[in-house]
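Commentary on secondary and tertiary structure
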Amino acid sequence: MDSIRIRGGQPLKGRIPISGAKNAALPLLAACLLTEGTLTLGNVPHLADIVTMSNLLGQLGVEIGLNGRAPQGVTGRVVTLKAATLTGVIAPYELVRKMRASILVLGPLLARAGEAKVSLPGGCAIGSRPVDLHIAALQKLGAEITLDNGYIHARAPKGLTGGEIIFPTVTVTGTENAMMAATLAKGETTIVNAAREPEVMDLAHCLVAMGAQIDGIGSDRLRITGKEKLHTAIHQVVPDRIEAGTFAMAAAITNGDMELIGAKLEHLNSVVTILASAGVSMTETADGLRVRRTNGLHGVDVMTEPYPGFPTDLQAQMMALMCVAQGASMITETIFENRFMHVPELRRMGAHITVHNASALVRGVPVLTGAPVMATDLRASVSLALAGLAAQGETTLNRIYHLDRGYERLEEKLAACGAEIERIKAAA
């Protein structure tokens, strides 16, 4: 199994290109199931999760092309998807267990084929992400759903019918599944308490390009008028705000000065505000965002919240940053109940962290010390990489397959900005 070795202490300086958003690309890939036409996506990141979703779609009969000629207005890695004929409606455990986002094929597959059989999902162990909200939403559209031998079996032999879906809590993938299913349902569907993340908006804009009628994009109330069918479309995946936030904290933790090429300020408003309070400046440039410290690094309190609040996917990285800040900070996680698994590993590097229920009190230390550490999930793994960049000595990060699920060429991008970082290939 590969590992990453980091020798800390180097301020990061330079320009880092921000890849397309993994959390936008995954539902966009699944959206191809809604049409017989070709969906062309640009700026698709090359990540393990993207490969997993592509393999799943291929098993359902989707023809997938990579790196073809980019249409006008499309840049980056191009993927074409054509689901002219679906050859199956089963998303098997062998594929779904690798990634929770595989549940995103449930809505579009049901809407297009009238049936879907999707394994209950797996993925990284950051807490329960129940699918009951997905199931309840599809039932509101007339789906008949049973759970059998670890599979969700959904049927709508006469098609779906529009209805009112009220989510009791905000769910990103639940909103995306319901929205995709509703585009082919008869009549009008209203989604109340819809997620407002930029990735949800990106999916909505793509669906509109495919011929869907969606009103209220960007709000917590979506109104979707179903169409008989959708058509060919071209769409560019939005830049990854989580990757941008991660590299912003890499600049901050090393006292560096970096430009994040392609990053969008409007997707990071809560992060910009928190980092400004901590003494870190994020300012717009012609090509993206510039990040640097302005006046030391200070402890600040952070609470994760649904968008537009501070993202749970940046909580671990923010904790790593606060480990070397002056003073104390309180970090509270409200989205997932088991997302402090990076804490014991940060403590191995000399961090002073006390966890009580859903909050972690972090008292900044003058310096962290390199150590062998182990990744437990995607964002925890990159938080340990950030800590390694700031630490004295050498850090070895193990189990980096988590990292490869969500960060494209991480070590190459950081090395280009002065980091002493390298991937150590596992012995054959």
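Everything below is about the structure shown above.
In short, a report on the structure.

Definitions and limits used
One numbering rule holds for all chains: residues counted from 1, following each sequence as written. In keeping with the predicted nature of the model, local features appear solely for residues at pLDDT of at least 70, side-chain atom pairs appear and are counted solely at 80 or more, and the whole-chain, interface and lining totals rest on all residues. The basis for the side-chain values is all heavy atoms of the structure; hydrogens and waters are excluded. Labels follow the DSSP assignment, with helices taken as runs of H or I lasting at least four residues and strands as runs of E lasting at least two, numbered in each case from the N terminus. Whether a residue is buried, partly exposed or exposed follows from its accessible area with a 1.4 Å probe, protein chains only, as a fraction of its type maximum: under 20%, in between, or over 50%, in that order. Contacts are residue-level and defined by heavy atoms, with any inter-residue pair within 4.5 Å sufficient. Areas reported as accessible are Shrake-Rupley estimates using a 1.4 Å probe. Residue values count occlusion only from the protein chains shown. Charged-residue counts in this description rest on Lys and Arg as positive and Asp and Glu as negative, His and the chain ends being excluded. In this description, the location of a charge corresponds to atom NZ of lysine, CZ of arginine, CG of aspartate or CD of glutamate. Any two strands with at least two DSSP bridges between them are considered paired. Salt bridges are counted wherever a side-chain nitrogen of Lys or Arg sits within 4 Å of a carboxyl oxygen of Asp or Glu. For this analysis, a ring pair means two rings from Phe, Tyr or Trp (six-membered ring only for Trp) whose centres lie within 6.5 Å, classed as stacked if their planes differ by under 30 degrees, edge-to-face if by over 60, and tilted for the remaining angles. Whether a charge lies above a ring is judged from NZ of Lys or CZ of Arg, which has to be within 6 Å of the ring centre and within 35 degrees of the ring normal. Nine residue types can take part in a nonpolar core, namely buried Ala, Val, Leu, Ile, Met, Phe, Trp, Tyr and Cys, and a core is a set of them joined through side-chain atoms within 4.5 Å. Axes here mean lines fitted to C-alpha atoms, for a helix over just the part in contact, with angles spanning 0 to 180 degrees between N-to-C directions. If an angle is under 35 degrees, it is roughly parallel; if it is over 145, roughly antiparallel; if it lies from 65 to 115, roughly perpendicular; otherwise it is oblique. The sense of a crossing depends on the near helix, which, turned anticlockwise from the far helix by less than a right angle, makes the crossing left-handed and, turned clockwise, makes it right-handed. Only Asp, Glu, Lys and Arg are considered charged in this grouping, and only Ala, Val, Leu, Ile, Met, Phe, Trp, Tyr, Cys and Pro are considered nonpolar; every other residue, Gly among them, is considered polar.

1. Considering the overall build of the protein
Along the protein, the regular secondary structure elements total 14 helices and 24 strands. Projected onto its principal axes, the C-alpha positions of the protein cover 65 × 45 × 45 Å. Looking at the protein as a whole, 56% of its 428 residues qualify as buried. Excluding contacts between residues fewer than 6 apart, the proportion of contacts in the protein whose partners are at least 24 apart in sequence is 74%. Carbon together with sulfur atoms contributes 49% to the accessible area of the protein, which is approximately 16500 Å² in total. Each charge sign in the protein was given a centre, from 39 positive and 39 negative side chains, and these centres are 2 Å apart.

2. Focus on the pairing of strand β15 (residues 257-261)
Here 5 bridges tie strand β2 (residues 13-17) to β15, and the two strands are oriented parallel to one another. Looking at the pairing, G14 lines up with M258 of β15. Of the pairings in the sheet, the one linking β15 to strand β17 (residues 288-293) comprises 5 bridges and is antiparallel in character. Of the residues in β17, the one forming a bridge with E259 is R290.

3. Comments concerning the pattern of salt bridges
Here the structure, examined in full by the defined rule, presents 20 salt bridges. Put simply, R423 and D404 hold a salt bridge, and the shortest N to O gap is 2.7 Å. Of this pair, R423 sits in strand β24 (residues 420-424) while D404 sits in helix α13 (residues 401-406); the two residues are 19 residues apart in sequence, bridging distant segments of the chain. Using a relative accessible area of 23% as the deciding quantity, one classes R423 as partly exposed. Via salt bridges that share partners, D2, D404, E411, R423 and K425 belong to a single interconnected network.

4. Some points on the packing of aromatic side chains
Counting across every chain of the model gives 0 aromatic pairs. The lysine or arginine in question, K117, covers the ring of Y151, its NZ or CZ lying 5.6 Å from the ring centre.

5. Some words on unusual backbone geometry
Note the cis peptide between Y307 and P308, where omega equals 15 degrees. As for its position among the elements, P308 is in the loop between β18 (302-303) and α10 (315-322). At R409, a residue that is not glycine, the phi angle is positive and equals roughly 55 degrees. Along the chain, R409 falls in the loop between α13 and α14 (410-415). You can call R409 partly exposed: its relative accessible area is 41%.

6. Thoughts on the nonpolar core
In this structure, M179 and L207 are the most contacted members of the largest nonpolar core, which totals 76 residues. At 6 residues, helix α1 (residues 22-30) tops the list of elements feeding residues into this core. Beyond its immediate chain neighbours, meaning those up to four positions away, L207 contacts A31, L34, M179, M180, T183, A212 and I214. Core analysis: the second largest hydrophobic core is formed by 72 residues, I4, M258, I353 and A360 among them.

7. Some thoughts on the packing of helix α8 (residues 241-253) against helix α12 (residues 378-390)
The interhelical angle for the contact between α8 and α12, taken along N-to-C directions, is 20 degrees, at an axis separation of 9 Å. One element, α8, and the other, α12, form an angle in the roughly parallel class. In this structure, the crossing between α8 and α12 has a hand that is right-handed. Touching I242, T246, M249, A250 and I253 of α8 are R379, V382, L386, A387, L389 and A390, all from α12. The residue inventory of the contact of α8 with α12, partitioned by class, reads 9 nonpolar, 1 polar and 1 charged.

8. Considerations on the sheet that holds β17
Reading across from one edge, β2-β15-β17-β16 is the order of the 4 strands in this open sheet, with mixed pairing throughout. The sheet terminates laterally at β2 and β16 (280-284), the two strands that pair on one side only. Taking each pair of neighbouring strands and ignoring which way they run, the sheet shows an average axis angle of 20 degrees. Relative to the sheet, α8 contacts β2, β15, β16 and β17, its axis offset from that of β15 by approximately 170 degrees.

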